[in-house]
Amino acid sequence: QVRLVESGGGLVQPGGSLRLSCSVSGFSLNYYTIGWFRQAPGKEREGVACINMRGGRLTYADSTKGRFTISRDNAKNMVYLQMNNLEPEDTADYYCAGKGSFETMYSVPDCGIRGMDYWGTGTQVTVSS
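Position numbers for residues start from 1 in each chain and track the written sequence from start to end. Residues qualify for local features only when their pLDDT is at least 70, as the model is predicted, and side-chain atom pairs are given and counted only at 80 or more; totals for whole chains, interfaces and linings, by contrast, use all residues. As a rule here, side-chain values cover all heavy atoms of the structure and leave hydrogens and water aside.

A. The packing of aromatic side chains, seen in detail. Here the aromatic set is Phe, Tyr and Trp, taking the six-membered ring for Trp, and pairing holds for ring centres within 6.5 Å; pairs whose planes are under 30 degrees apart are stacked, those over 60 apart are edge-to-face, and all others are tilted. In total, this model carries five aromatic pairs according to the counting rule given. Relative to phenylalanine 102, the ring of tyrosine 31 lies with its centre 6.0 Å away and its plane at 35°, an arrangement referred to as tilted. Note that tyrosine 31 is positioned in the loop between strand E3 (18-25) and strand E4 (32-39) and phenylalanine 102 in the loop between strand E9 (92-100) and strand E10 (118-119), a separation of 71 residues in sequence. Residue burial is assigned from relative accessible area. The probe radius is 1.4 Å, only protein chains are included, and a residue is buried under 20% of its type maximum, exposed over 50%, and partly exposed in between. Among the residues examined, phenylalanine 102 registers a relative accessible area of 76% and is labelled exposed. With centroids separated by 4.8 Å and ring planes inclined at 50°, the aromatic side chains of phenylalanine 37 and tryptophan 119 adopt a geometry described as tilted. Remark: tryptophan 119 occurs in strand E10 and phenylalanine 37 occurs in strand E4; sequence separation between them is 82 residues. For phenylalanine 37, a relative accessible area of 1% translates into the label buried. The structure contains a cluster of three or more aromatic residues connected by ring pairs, namely Phe27, Tyr32 and Tyr118. Throughout this description, the term charge over a ring refers to an Arg CZ or Lys NZ atom that lies within 6 Å of the ring centre and within 35 degrees of the ring normal. The positively charged end of arginine 45 is found above the aromatic ring belonging to tyrosine 95, 3.9 Å away from the centroid. Working definition: helices are DSSP H or I runs of at least four residues, strands are E runs of at least two. Numbering for both runs from the N terminus.

In structure tokens:
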């Protein structure tokens, strides 16, 4: 069965960096899409970044573009979120989520929250001085 496990969260000062990891198992080959999401206390869950595992096409939320980088290692079945220049507003529980997909290798991925079928249990990121 599909399983996603996040790791790498922690406490970091403003301006610092963290790299989150998502270990993925259970999907067939590269026919799936992975997204990073976050939810701050009292706020709705929001998308952060998205990647097509087959072709590597990416999307980012406007709030993170230029600071965050999503990447994949298909050989290791891993997806990463490199977060640089972190701000207190980035404090949240971060989740990776996945769905099976049959996009071409050139397709822009779709990580709409309601379409994600599998979720990890999250990792906490706190940005504070």
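There's more to say after this.
B. Representation of a nonpolar patch on the surface within the structure. Patch definition: residues above 30% relative accessible area lacking any salt bridge, with like charges linked at up to 9 Å and the nonpolar side chains Val, Leu, Ile, Met, Phe, Trp and Tyr linked at up to 5 Å. We get accessible surface area from the Shrake-Rupley algorithm with a probe of 1.4 Å; when it comes to residues, only the shown protein chains can shield them. We count a salt bridge whenever a side-chain nitrogen from Lys or Arg sits within 4 Å of a carboxyl oxygen from Asp or Glu. A cluster of nonpolar residues, Leu29, Tyr31 and Phe102, forms a patch on the protein surface that exposes about 410 Å² of accessible area. Judged by its relative accessible area of 68%, leucine 29 falls in the exposed class.

C. Inspection of the nonpolar core at higher detail. Definition used in this section: a nonpolar core is a set of buried Ala, Val, Leu, Ile, Met, Phe, Trp, Tyr and Cys residues joined via side-chain atoms within 4.5 Å. Counting 27 residues, the largest nonpolar core has Ile34, Trp36, Val79, Leu81, Met83 and Tyr94 as the members making the most contacts within it. For this core, the element with the most residues is E3, which contributes four residues. The contact definition used throughout considers only heavy atoms, calling two residues in contact when any of these lie within 4.5 Å. Apart from residues lying up to four places away in sequence, isoleucine 34 is in contact with Leu4, Val24, Ala49, Cys50, Ile51, Met53, Ile70, Val79, Cys96, Ala97, Gly98 and Cys111. In this structure, Phe37, Cys50, Ala97 and Cys111 belong to the second largest nonpolar core, which totals five residues.

D. The sheet that holds strand E7 (residues 68-73), seen in detail. Pairing within the open sheet is antiparallel, and its four strands lie in the order E1-E3-E8-E7. Sheet topology places strand E1 (3-7) and E7 at the edges, where each strand pairs with a single neighbour. Ignoring strand direction, the axes of neighbouring strands in this sheet form an average angle of 15°. Whether two strands pair comes down to DSSP finding at least two bridges between them. Bridge count for E1 against E3 is five bridges, and the pairing is antiparallel. Bridged to valine 5 within E3 is serine 23. Axis geometry follows a simple rule: fit a line to the C-alpha atoms, using only the stretch in contact for helices, then measure angles between N-to-C directions, giving values from 0 to 180 degrees.

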